[in-house]
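# Analysis of the macromolecular model
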Amino acid sequence: MAFKLDNLRSDALSRFDTVIDVRSPAEFAEDHVPGAINLPVMSNEERATIGTIYVQESAFRARKLGAAIVARNAADHIETHLSGKDGAWQPLVYCWRGGQRSGSFASFLSQIGWRTEVLEGGYRSYRTQVVRMLYEDALPHSFVLLDGNTGSGKTAILHALKAQGAQMLDLEGLANHRGSLLGAMHDEQPSQKMFESRLAQALMRLDPSRPIVAEAESSKIGERLIPASVWKTMRAAPRIDIAASLEARAKFLTRDYADVLEDPSRMAERLDKLRALCSHQRVEQWLEFLRQGKHEQLAADLMQHHYDRGYERSRAGRENTVLATLQTEGLEPSDIAQLATRVKALLDQV
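Presented here is a report on the structure given in the accompanying data block. In this text the structure is predicted, and so the values were computed from the model without any measurement.

This part is about the sheet that holds strand β2 (residues 18-21). Strands sit in the order β1-β5-β4-β2-β3 across an open sheet of five strands; the sheet is parallel. Both edges of this open sheet fall to β1 (2-3) and β3 (37-38), since each of them pairs with a single strand only. Here β1 runs beside strand β5 (residues 117-119); their pairing, made up of two bridges, is parallel. Within β5, the position partnered with Phe3 by the bridge is Leu119. Sheet strands touched by helix α4 (residues 100-112): β2, β4 (91-94) and β5. Its angle to β4, the strand with the most contacts, is close to 155°.

Here it is in structure tokens:
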């Protein structure tokens with residue numbers, strides 16, 4: 001029996017106890033239906049081998065060998081991962097396009113007695129919904145952007161706003177990147193498709209009738225592009241500027257980048273990449289600060305001679321209406337909470 005997915009609401013698949021992605025681990029890692037588990041009926045290597053046989057030798061032989069592989073892997077999953085499921089369990093199964101892999105696995109499960117359905121169109125039907133939302137349709141949401149130089153505590157303010165009941169969207173968190181050359185996290189960024197899945201799900205949880213606070217970004221966060229519909233909405237959004245002293249920002253940035261600074265060799269590699277943008281003498285000075293453990297001095301010099309100049313250039317091309325500029329003497333946790341309260345008060349004007 002086929003199930004048609006016609007929306008991205010979090011409860012769209014709630015009738016199923018488990019959503020099973022039977023694609024290869026590599027396909028699953030790139031992107032998958034939110035909440036799905038991966039029970040591959042072919043490994044990465046097996047899928048590549050069958051594909052080669054299909055193209056270079058015989059489609060019939062590829063299907064025959066593929067069926068044997070699927071049957072063996074399905075049996076293993078039934079004996080292990082699914083061994084504890086009772087007769088009332090109801091799964092939804094999908095593969096790339098709702099074809100042979102999901103159909104075969106669903107057939108085994110149905111013959112056991114489980115009420116099993118196959119996602120019509122497979123992963124591609126889900127992906128179509130994401131693309132339509134983020135690239136084709138106009139977003140129903142409205143944004144207010146937090147702007148300010150590097151180290152102004154914008155992401156921290158976002159999370160403080162959430163704690164105070166405001167709606168916020170942490171794009172850098174979804175992309176697993178702080179939005180600058182030095183901003184890569186220890187974990188890799190998600191794929192573009194996975195980033196878009198995370199973004200779509202985050203937006204579906206937010207009320208379009210209330211403003212959403214997000215950080216003012218360029219169109220690219222690390223290696224991940226902000227989808228067209230979201231970017232268009234952000235470009236038209238009003239903004240609130242956060243203004244803090246260089247000293248306060250340096251202290252904040254030293255705390256915020258503690259995970260990067262605890263690995264000097266990794267930080268040195270990132271600084272070295274700035275030679276194409278800054279003088280060799282400047283980069284050598286930064287590396288010396290790093291070697292001496294002068295982290296606040298490093299942060300201040302980086303912002304003064306690199307990041308702040310970049311922000312000035314990017315602001316020159318922005319046409320967003322400025323709702324307010326919020327000055328702050330510090331960026332300690334208490335200051336962040338106060339800034340969030342002030343931002344929240346401004347949201348009533350939107």
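The α-helix advances 3.6 residues per turn, and as a result positions three or four apart in sequence lie on the same side. For helix α13 (residues 280-291), with 12 residues, the first-to-last C-alpha span of 16 Å sits near the 16 Å given by 1.5 Å per residue. In the segment just after α13, Gly293 is the residue with positive phi, at about 75°.

This part covers the sheet that holds strand β11 (residues 239-244). With respect to topology, five strands assemble into an open sheet ordered β7-β8-β6-β11-β12, the strand pairing being parallel. This sheet does not close on itself; its edge strands, each paired only once, are β7 (167-169) and β12 (322-328). Neighbour to neighbour, the strand axes of the sheet diverge by 25° on average, direction disregarded. In this sheet, β11 lies alongside strand β6 (residues 143-147) in parallel orientation, the contact comprising three bridges. Note that in β11 the partner of Asp147 across the bridge is Asp241.

Further remarks concern the nonpolar core. Nonpolar side chains in soluble globular proteins tend to end up buried together. Within the largest apolar cluster, 39 residues are counted, with the highest numbers of intra-cluster contacts made by Leu13, Leu134, Phe143, Leu169, Leu199, Leu203 and Val230. Looking at this core, the elements with two or more residues in it are β4, α5 (122-136), β6, α7 (171-175), α8 (192-204), β8 (212-215) and α9 (228-235). For Leu203, the contacting residues outside a window of four places in its chain are Met133, Leu134, Leu139, His141, Phe143, Leu169, Ile212 and Val230. Core analysis: the next-biggest nonpolar cluster, separate from the first, contains 23 residues, Val144, Ile240, Ala248 and Leu326 among them.

Criteria and cut-off values
Residues numbered from 1 in each chain as written. Predicted model: local features only at pLDDT ≥ 70, side-chain atom pairs only at ≥ 80, totals over all residues. Heavy atoms only, no water. Pairing = 2+ DSSP bridges. Helix = DSSP H or I, 4+ residues; strand = E, 2+ residues; numbered from the N terminus. Contact = heavy atoms within 4.5 Å. Axes fitted to C-alpha atoms, helices over the stretch in contact; angles between N-to-C directions. Expected span 1.5 Å × (residues − 1). Core = buried A, V, L, I, M, F, W, Y, C linked by side-chain atoms within 4.5 Å. Buried < 20%, exposed > 50% of the residue type's maximum accessible area, 1.4 Å probe, protein only.

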